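Architecture and fold: a report
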Amino acid sequence: MFRIGIGHDTHRLTEGRPLVLGGVAVESDRGGEGHSDADALSHAVTDAVLGAMCEGDIGVHFPDSDPRWKNADSLQLLARVMWLARERGFRVVNVDATVHLERPRLRPYIEEMRAKLADVLSVGLDCVSVKAKTGEGLDAVGEGLAVTAQAIVLLERI
Ligand code: MG
């Protein structure tokens, strides 16, 4: 049986915060605001896995009112969701994700993001796609005020 899930996430960008995407530290003068490490890509992938299982969303599992998740490494949150997926008998078939960020350009970081996500998801590199787009100077992404990410995940029950 196959199940598909979609995830989306937005974080406001602010000075003095590290920018983390897919578990990779991206060199930037601004980073995501948030309770955890504000890793929008990992959050979107996590929500997609949860969505495929009809298991709610990241806020249900890791509420921002819980001090345990303060500055949490979001790849570790994804790893916890993957334990749940395995418990339910699911494996990841593939992931496709897009990060929307005006600057810096993410191309130099994409391979490392794919590798980190593939490792946590227990799939090969050829099963994790990460794409990067700018906001073309438009909207909150384009103005450099936000980072957003979308992800779609296919799970198979084995
Ligand atoms: Mg988030």
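Let me begin by describing the structure that accompanies this report. (Residues numbered from 1 in each chain as written. Predicted model: local features only at pLDDT ≥ 70, side-chain atom pairs only at ≥ 80, totals over all residues. Heavy atoms only, no water.)

Examining the overall build of the protein chain
Helix and strand counts for the protein chain come out as five helices and seven strands. N-terminal to C-terminal, the α/β element order of the protein chain is β-β-β-β-α-α-α-β-α-β-α-β. A compact globule built from 158 residues should have a C-alpha radius of gyration of about 15 Å, and the protein chain, at 15 Å, falls within 12% of that. Here the protein chain holds 158 residues, and the buried ones make up 50% of them. Across the protein chain, contacts joining residues at least 24 apart in sequence account for 72% of those joining residues at least 6 apart. When the accessible surface of the protein chain is totalled, it reaches about 7,900 Å², and 51% of it is carbon and sulfur. Positive and negative side-chain charges in the protein chain, numbering 18 and 24 respectively, have mean positions lying 3 Å apart. (Helix = DSSP H or I, 4+ residues; strand = E, 2+ residues; numbered from the N terminus. Rg over C-alpha atoms; globule rule 2.2 N^0.38 Å. Buried < 20%, exposed > 50% of the residue type's maximum accessible area, 1.4 Å probe, protein only. Contact = heavy atoms within 4.5 Å. Areas by Shrake-Rupley, 256 points an atom, 1.4 Å probe, with all protein chains shown as cover. Lys, Arg positive; Asp, Glu negative; His and termini not counted. Charge placed at Lys NZ, Arg CZ, Asp CG, Glu CD.)

Quick notes on the pairing of strand S5 (residues 90–100)
Regular strands place their side chains on alternate faces of the sheet. Here S5 pairs with strand S7 (residues 146–157) via ten bridges, running antiparallel. Directly across from Thr98, in S7, lies its bridge partner Gln150. Bridge count for S5 against strand S6 (residues 128–133) is six bridges, and the pairing is parallel. The partner of Asp96 across the bridge, within S6, is Ser129. In the classification by handedness, the crossover that spans S5, the intervening helix H4 (residues 107–121) and the parallel S6 is right-handed. (Pairing = 2+ DSSP bridges. Right-handed = clockwise from strand over helix to strand, strands pointing away.)

Describing the coordination of the magnesium ion
Here the magnesium ion is held by Asp9 (OD), Asp9 (OD), His11 (NE2) and His43 (ND1), and the distances to it run 2.1 to 2.8 Å. Along the chain, the residues donating to the magnesium ion are arranged with the sequence spacing D-x1-H-x31-H. With Asp9 in strand S1 (residues 2–15) and His43 in helix H1 (residues 40–52), this residue pair connects regions lying 34 residues apart in the sequence. Residue Asp9 is classed as buried on the basis of its relative accessible area, which comes to 16%. Of the residues examined, His43 reaches a relative accessible area of 7% and is grouped as buried. (Donors = N, O, S within 2.8 Å, 3.2 Å for Na, K, Ca; no water.)

Looking at the side chain of Glu156
Locating Glu156 in the fold gives a position in strand S7. For Glu156, the side chain forms a polar contact with the side chain of Arg91, separated by 2.8 Å. If near-sequence neighbours (up to four positions away) are discounted, Glu156 is found in contact with Met1, Phe2, Gly89, Phe90, Arg91 and Val93. (Polar contact = N/O pair within 3.5 Å; in protein donor to acceptor, adjacent residues only side chain to side chain.)

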